[in-house]
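# Coordinate analysis (summary)
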Amino acid sequence: MSEQITLTPETQDKFAHMLIAASVAAASTQLPLPNGVIESLAGGGSLWTGLRNQARTDADQTLKRLKASLATEWQAWSSAQTDARLRAHAVASFEEVLPFCALTPSEIAGRALSPTAMADLFLTKAAQRLPEAYADRGERHPDTYAPRQFLHRLTLRAYTDLIAEPGYVTSLAPALWQAALGGLDRIERTGEDTHRIVTDVRAQLQALAVSNADRQALVDQITQLRTEKAATDTLIATFLQRLIDQNLPPDQFQPSLNAIAEAWFGMKAELERLARNSNLSPELDSLRAAAKAAYAAEDSAELRRLLDLIAMRQKADFSDLTARLDQQKAEYAETLTSQLALAQAEMRAEDAARHIVDRLSLECPKPGLSAALREESDRRFETGRVRGHVFDIRLAVVLAMESADLALDVAQRRAAQFCCAIYLSHLGRIDGGLATLQHSVEINREILSTVTPDTDLAERASTLNNYAGALQMYGYRECNAETLLAAVDALEQAKEIWRELNDGARFALASHNLGACKNTLASITGLPFFRHEALDAYEEALLVRTRARDPEEWAMTMTNIGNTLSSLASAEANSELLDRAINCYEEVKEVWTFSERKQDWALVQVNLSRFRTH
């Protein structure tokens, strides 16, 4: 009986996690920022951790299917390979070379999601690391044929399965969906039937590596609009065109199309509600008739404009008709709620904020309006931050600015501005808008002009930290060393205040952020001494962030130290620094272990494999 050679579950597990780790990193990094920038702007890493956790959830769902597929592929290969010695040689070589071959995010992106190209690169890296087993020495070479065939076949199967995963395509290639629906703008707006629209959508999506369920959900939604909602072909095409104009991942197409349709039919319900109102003035009655005509003509832009005019006209009537205040107030509040729902469905932040202001004006007295708006802005921001909804963060910004304008005193205005500056910094990091970041910088400067060292030290230090975060991102985007130096100065001031106040946790956060800022300066200026200063700042952070007291924050700072040392090692051709960087990553792996933190372990392993091959 021939000896049974198996690919151990642990090896399969590590291989699958390393593949997923690289794809998670590729999906999470939309911009090649210098070491530490994201962690700094996330206030010590909480937001960045949330983003990684979202990616980890998708990865875990893919992981089970991937490991099952790898096990199947192993069985198929080993059954076909009759020579037990060659099987053992292939497995042993694979297990030896595995930790050094993980593809980096840039390498994945550079292969245009081609499974064959990614498998070829994996094999090339293996040949560089272990040439005695993986160098190309021709077909049927006794030492290299079996290991090369096994590794290439296993990685090709793995990447083929990953590309077929809807979640993988969702995170790495949302632009594919935009391109797929781009052809819909060729649909004629008259004389087309639903079958033509459905056929066109199905044809556009057919080439994408997505599940039949995702594709069929969108097609079924279009058919349902025609059969159950009595939507005309022109209206369906209008809905689809609006969907094209949004940059959405594939799993959001069907619910987004549903939201667009609901917004339209919600306007119809609003018209029906207006018909029941008893206090329509002649002007409102005329506007209602015009709105009904716009609805009949399926002119959504005109209908929305007329409904806005109706809401504003009702607001004016509300001020005049004091004798009928209770009835008018109820109808007006109902209109605002409806208008807010429509504005949110159509992602019109300024209109939504206006409706919220008007609604809160009905519910609370004027002296409390600024505080109520600040509370609502904070709620919207937290929703947007946790769920990744950019619209809610934009809405929070507008509401915070309204709160500042309605403030009764300097302290109330400053509190609203402080919130607004934080929201703008997060928004600028997400959308990359320089004007957004500049606005945050200006608001922080205004706050600092009123919060002097003689007033409130803790508030000043917190503002300095926010100010530095906005400056750092702005300076990086503009490649402006002067702006980054201003950020360094702000963090130095904040650090000294926290030292004076004996606040160790915030002192460590300021030191960590200072290290990240100096790393950014090194990337912009090309001056390596900034990286040495970054190391000093990180070491100060570790005076508080010890492994025993706060292992998570310690591991994050140690990871940044490893990144900084590896950059210095490359710039100075210093192998000792590279060894120190590798030691940092190895220490981090003792906290982020494979058994307890598989994805964090795998991400650190990707870094290790990258530097060990250089």
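Residues numbered from 1 in each chain as written. Predicted model: local features only at pLDDT ≥ 70, side-chain atom pairs only at ≥ 80, totals over all residues. Heavy atoms only, no water.

### Quick look at the packing of aromatic side chains
Counting across every chain of the model gives eight aromatic pairs. Where phenylalanine 94 meets phenylalanine 150, the ring centres are 5.4 Å apart and the plane angle is 75°; that geometry is what we call edge-to-face. Separated by 56 residues along the polypeptide, phenylalanine 94 in helix 4 (residues 84–97) and phenylalanine 150 in helix 8 (residues 145–163) bring together distant segments of the chain. An identical accessibility class is assigned to phenylalanine 94 and phenylalanine 150; each is buried. One aromatic cluster in this structure is built from Trp74, Trp77, Phe94 and Phe150. Against the face of phenylalanine 594 rests lysine 598, its NZ or CZ located 5.5 Å from the ring centre. (Phe/Tyr/Trp six-rings, centres within 6.5 Å; stacked < 30°, edge-to-face > 60°. Helix = DSSP H or I, 4+ residues; strand = E, 2+ residues; numbered from the N terminus. Buried < 20%, exposed > 50% of the residue type's maximum accessible area, 1.4 Å probe, protein only. Lys NZ or Arg CZ within 6 Å of the ring centre and 35° of its normal.)

### Quick look at helix 22 (residues 434–450)
The end-to-end C-alpha separation of helix 22 is 25 Å, in line with the 24 Å expected for 17 residues at 1.5 Å each. Residues of helix 22 that are buried include every one of Thr436, Leu437, Ser440, Val441, Ile443, Asn444, Ile447 and Leu448, and no others. With its buried residues spanning 165° around the axis, helix 22 presents them on a single face. Pointing more than 90 degrees away from the buried face of helix 22 are the exposed residues Ala435 and Ser449. The elements touched by buried residues of helix 22 are helix 21 (410–431) and helix 23 (457–478). (Expected span 1.5 Å × (residues − 1). Arc of directions from axis to C-beta. Contact = heavy atoms within 4.5 Å.)

### What to know about the pattern of salt bridges
Scanning all chains against the criterion turns up 31 salt bridges. The salt bridge partner of arginine 379 is glutamate 376, with a shortest N-O separation of 2.7 Å. Taken as a pair, arginine 379 and glutamate 376 lie in helix 19 (residues 369–387) at a separation of three residues, close to a single helical turn. For lysine 495, the salt bridge is made with glutamate 492, and the minimal N-O distance between the two is 3.6 Å. In this pair, lysine 495 and glutamate 492 both sit in helix 24 (residues 481–500), three residues apart, roughly one turn of the helix. Classification of lysine 495 as buried rests on a relative accessible area of 5%. The class of glutamate 492 is partly exposed, set by a relative accessible area of 28%. Look at the salt bridges and you will find they share partners, linking Glu492, Lys495, Glu496, Arg499, Lys518, Glu533 and Glu540 into a network. (Salt bridge = Lys/Arg side-chain N within 4 Å of Asp/Glu carboxyl O.)

### What about the confidence of the model for the protein chain?
Averaged over the protein chain, the pLDDT score is 79; the fraction of residues at 70 or greater is 79%. In the model, residues 24–55 has pLDDT below 50 throughout and makes 65 contacts with residues more than four positions away in sequence or in other chains. Here residues 172–192 scores under 50 on pLDDT; set against residues more than four positions off or in separate chains, the count is 51 contacts. (pLDDT = per-residue confidence, 0-100.)

### Looking at the packing of helix 23 against helix 25 (residues 504–525)
Two measures define how a pair of helices packs: the angle their axes make with one another and the distance between the axes. Contact geometry of helix 23 with helix 25 gives a least axis separation of 11 Å together with a crossing angle of 15°. Taken as axis vectors, helix 23 and helix 25 run roughly parallel relative to one another. For the pair helix 23 and helix 25, the crossing hand works out as left-handed. Of the residues in helix 25, those in contact with Ser462, Asn465, Gln472 and Tyr476 of helix 23 are Arg506, Asn513, Ala516, Cys517, Thr520 and Ile524. A breakdown of the residues in the contact of helix 23 with helix 25 according to their chemical character gives four nonpolar, five polar and one charged. (Axes fitted to C-alpha atoms, helices over the stretch in contact; angles between N-to-C directions. Parallel < 35°, antiparallel > 145°, perpendicular 65-115°, else oblique. Left-handed = near helix turned anticlockwise from the far one by under 90°. Nonpolar A, V, L, I, M, F, W, Y, C, P; charged D, E, K, R; others polar.)

### As for unusual backbone geometry
Positioned with a positive phi, asparagine 502 is a non-glycine residue whose angle comes to about 60°. Note that asparagine 502 resides in the loop between helix 24 and helix 25. Despite not being glycine, alanine 573 shows a phi value in the positive range, around 50°. Relative to the elements of secondary structure, alanine 573 occurs in the loop between helix 27 (551–572) and helix 28 (575–591). For alanine 573, a relative accessible area of 72% corresponds to the exposed category.

### Comments concerning the side chain of aspartate 600
The topology assignment puts aspartate 600 in helix 29 (residues 598–612). Here aspartate 600 falls in the buried class, since its relative accessible area comes to 1%. A distance of 2.3 Å separates a polar atom in the side chain of aspartate 600 from a polar atom in the side chain of arginine 597. (Polar contact = N/O pair within 3.5 Å; in protein donor to acceptor, adjacent residues only side chain to side chain.)

### Quick notes on helix 6 (residues 115–129)
For helix 6, with 15 residues, the first-to-last C-alpha span of 21 Å sits near the 21 Å given by 1.5 Å per residue. Listed as buried for helix 6 are Pro115, Met118, Ala119, Leu121, Phe122, Leu123, Lys125, Ala126 and Ala127.

### Some remarks on the environment of leucine 307
Residue placement: leucine 307 occurs in helix 16 (residues 300–320). Residue classification places leucine 307 among the buried positions, given a relative accessible area of 2%. In this structure the C-alpha to C-alpha distance between leucine 307 and leucine 271, which are 36 residues apart in sequence, comes to 8.5 Å. Apart from residues lying up to four places away in sequence, leucine 307 is in contact with Met267, Glu270, Leu271, Leu274, Gln339 and Leu342.

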